[in-house]
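Here's the letter readout for the chains.
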Amino acid sequence: MNIEKLRSETPGCAHVIHFNNAGSALMPQAVIEAQQNYLNYEINQGGYEAVDHFRKQLNHTYQRVAQLINAQPQEIALLESATTAWVKAFFSLTFQPGDRIVTAKAEYATNYINYLHLAKTQQVDIEVIPNDESGQVSITALEKMLAEDQQKTIKLISITHIPTNGGLVNPAEEVGKLAKKYGVLYLLDACQSVGQMPIDVQKIGCDMLSATGRKYLRAPRGTGFLYVRESLLETLEPREVDMFAAEWTTTDTYELRQDARKFEYYEYNPANRMGLSAAVQYALELGLDNIWQRIQQLGDLLRKQLAEIPNVTVQDLGQVKGGIVSFGVKGIKTEFIKQKLREEGINVSLIVANGTLLDMQDRGLDHLVRASVHYYNTEKEIEQLCGVVKKIILVHTRIEHS
Ligand SMILES: Cc1ncc(COP(=O)(O)O)c(C=O)c1O
């Protein structure tokens, strides 16, 4: 990878040291221009006329997203966030009282809140797969749960691939093999993994997958997508539809679309979609294997350098680790660290316990700093980040002792 070239194609790199890629990454010029070109046309010619003019390119987004995850275009719905995608898929499933949803320790708050909502309103049960000794989902424990499910009450396996709060990469493929073996539906929250690592829905074996654009894909904010396996599509009916998702055929009837776009509405932000399309193309051209290799390399380097600083504890779990690095500094509030780093032009974000409550409680953690690397970060930036962390600790210790 030509990092200098990639950085020169990223205007933000000239202004900040960006370690908040798990929040929202810096957009490359190609993504910015795709949106600007579209907007220029829309400003001058009108909103609907712009859609007509760019229809081919807008539609091509489905192909590109499908290619990114090895799916078919008709299996893709383009939505405004990972949450919208996930919620739409989840609430199109039907459950009976006593059905079980199986999830993982590092589950994202929004997902878990919705399991709780269903537990309250439809009396489903939630089961959490224990972790193995490395901190990832225990495949042995999951197999045991499935094998012991004589009554076939486990209706859904729903896990997060890369959690929001650390470097862990859950073994999505192994989970998929078990889901297939036991005939259980499998929903994967790939919000942090799409764009960060190669994602192949055929290999993973998930039935549904949700993702966002603004994080590792480097697309604009307000973009995301849902994948639904074609064989499952016809059995699913979205909770609510509009006149795009369904056609009002006679006064008493409507007909749903056949493809995944039945999860969309008529109205969307086309300039954003152009940006998403450009971002996917950019990632495809770079190659997801190359991207993943570089991110893992930088992630490992950052973990190593942080771990060498006295009073810093790196908290990442798992056998395989990605670009999200979580750490705490003994005696110093995370908010203070974030603010001081920001003053030095370094962006990081914070992890709070109730974002991934089961996992954080299990580990007795409350707050952490999240420094998430992307391929365009450099070794020098990592040194700068660690240098500022050291300085913060030094100044803090001096103040404490004065
Ligand atoms: C693991 C995970 N899932 C889902 C989401 C929600 O994504 P969005 O804000 O695009 O809805 C996030 C956002 O941080 C996340 O980290």
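Residues numbered from 1 in each chain as written. Predicted model: local features only at pLDDT ≥ 70, side-chain atom pairs only at ≥ 80, totals over all residues. Heavy atoms only, no water.

A. Up close: the pattern of salt bridges. Going through the model one piece at a time under the given rule, you end up with 20 salt bridges. Close ionic contact of Asp 259 with Arg 257 constitutes a salt bridge, the shortest N to O distance being 2.8 Å. For Asp 259, a relative accessible area of 18% translates into the label buried. Ionic pairing is found between Arg 303 and Asp 316, a salt bridge with its closest N-O pair at 2.7 Å. Of this pair, Arg 303 sits in helix α12 (residues 288-307) while Asp 316 sits in the loop between β11 (312-314) and β12 (324-329); the two residues are 13 residues apart in sequence, bridging distant segments of the chain. Of the residues examined, Asp 316 reaches a relative accessible area of 12% and is grouped as buried. Among the charged side chains, a network of salt bridges with common partners joins Arg 100, Glu 127 and Asp 149. (Salt bridge = Lys/Arg side-chain N within 4 Å of Asp/Glu carboxyl O. Buried < 20%, exposed > 50% of the residue type's maximum accessible area, 1.4 Å probe, protein only. Helix = DSSP H or I, 4+ residues; strand = E, 2+ residues; numbered from the N terminus.)

B. Focus on helix α2 (residues 29-45). Given a rise of 1.5 Å per residue, 17 residues ought to cover 24 Å, and the 24 Å separating the end C-alpha atoms of α2 matches this to within 8%. Every buried residue of α2 is accounted for by Val 31, Ile 32, Ala 34, Gln 35 and Tyr 38. Angularly, the buried residues of α2 cover 160° about the axis, an arc narrow enough to put them on a single face. Those residues of α2 that are exposed and aimed more than 90 degrees away from the buried face are Ile 43 and Asn 44. Where the residues of α2 are buried, they touch α3 (47-53), α4 (55-69) and α11 (270-286). After α2 finishes, the residue Gly 46 shows a positive phi value of roughly 110°. (Expected span 1.5 Å × (residues − 1). Arc of directions from axis to C-beta. Contact = heavy atoms within 4.5 Å.)

C. Here's a closer look at the nonpolar core. Among the nonpolar cores identified, the biggest contains 98 residues, and Ile 76, Ile 157, Tyr 186, Leu 209, Phe 225 and Val 389 are the most heavily contacted of them. It is α11 that contributes the most residues to this core, 9 residues altogether. Residue contributions to this core reach at least three from each of two domains, namely domain 1 (3-27 + 288-401) and domain 2 (29-285). Setting aside residues up to four positions removed in sequence, Phe 225 forms contacts with Val 65, Ile 69, Ile 76, Ala 77, Leu 78, Leu 79, Ala 85, Val 194, Leu 209, Ser 210, Ala 211 and Leu 217. Phe 90, Tyr 115, Leu 118 and Val 228 belong to the second largest nonpolar core, which has 24 residues in total. (Core = buried A, V, L, I, M, F, W, Y, C linked by side-chain atoms within 4.5 Å. Domains from an automatic or database assignment.)

D. View of the side chain of Asp 242. With respect to the secondary-structure elements, Asp 242 resides in the loop between α10 (230-233) and β9 (246-250). No salt bridge is formed by the buried Asp 242. Its closest oppositely charged neighbour is Lys 88, at 7.7 Å. A polar atom in the side chain of Asp 242 sits 3.0 Å from the backbone nitrogen of Ala 245. At 2.6 Å, the side chain of Asp 242 and the backbone nitrogen of Tyr 266 are in polar contact. (Lys, Arg positive; Asp, Glu negative; His and termini not counted. Polar contact = N/O pair within 3.5 Å; in protein donor to acceptor, adjacent residues only side chain to side chain.)

E. Structural detail: the sheet that holds strand β5 (residues 154-160). Pairing is mixed in the open sheet, where 7 strands are placed in the order β2-β8-β7-β6-β5-β3-β4. A strand with exactly one partner marks an edge of an open sheet, and here the two such strands are β2 (76-79) and β4 (125-129). Direction aside, the axes of adjacent strands within the sheet are offset by 20° on average. As paired elements, β5 and strand β6 (residues 185-189) share 5 bridges and run parallel to each other. Bridge pairing in β6 links Ile 159 to Leu 188. (Pairing = 2+ DSSP bridges. Axes fitted to C-alpha atoms, helices over the stretch in contact; angles between N-to-C directions.)

F. Layout of the site of the ligand. Taken together, the neighbourhood of the ligand is formed by 13 residues, with Thr 83, Asp 189, Thr 212, Arg 214 and Lys 215 sitting nearest. Taking Ala 82, its main chain carries an N or O atom lying 3.1 Å from an oxygen atom of the ligand. Between Thr 83 and the ligand, the recorded distance is 2.5 Å, taken from a side-chain N or O atom to an oxygen atom. For the ligand, the accessible surface in isolation is 390 Å², of which the surrounding protein chains cover 90%. Its residues assigned to classes, the shell around the ligand comprises 4 nonpolar, 6 polar and 3 charged. (Near = heavy atom within 4 Å. Areas by Shrake-Rupley, 256 points an atom, 1.4 Å probe, with all protein chains shown as cover. Nonpolar A, V, L, I, M, F, W, Y, C, P; charged D, E, K, R; others polar.)

G. Expanded view of the domain arrangement of the chain. Split into domains, the chain comes out as domain 1 (3-27 + 288-401) and domain 2 (29-285). Between the C-alpha centres of domain 1 and domain 2 there is a distance of 27 Å. Domain 1 puts 42 residues into the contact, and the matching count from domain 2 is 40 residues. A buried area of about 3,200 Å², summed over both sides, lies between domain 1 and domain 2, and 53% of it is on carbon and sulfur atoms. When the area that domain 1 buries against domain 2 is broken down by residue, the three leading residues are Met 27, Leu 288 and Leu 358, summing to 22%. In this structure, the connection of domain 1 to domain 2 is made through 1 salt bridge. Here Lys 105 makes a salt bridge to Asp 362, at a shortest N to O gap of 3.0 Å. Where domain 1 packs against domain 2, one counts 25 residue pairs in polar contact (both at pLDDT 80 or more). Of all elements in the fold, only α12, β12, α14 (357-362) and β15 (367-372) reach the threshold of two or more residues within the side of domain 1 that touches domain 2. Here the element with the most residues in the side of domain 1 that touches domain 2 is α12; it accounts for 6 residues. For the side of domain 1 that touches domain 2, a count of residues per class yields 19 nonpolar, 14 polar and 9 charged. (Buried area = accessible area lost by both parts, 1.4 Å probe.)

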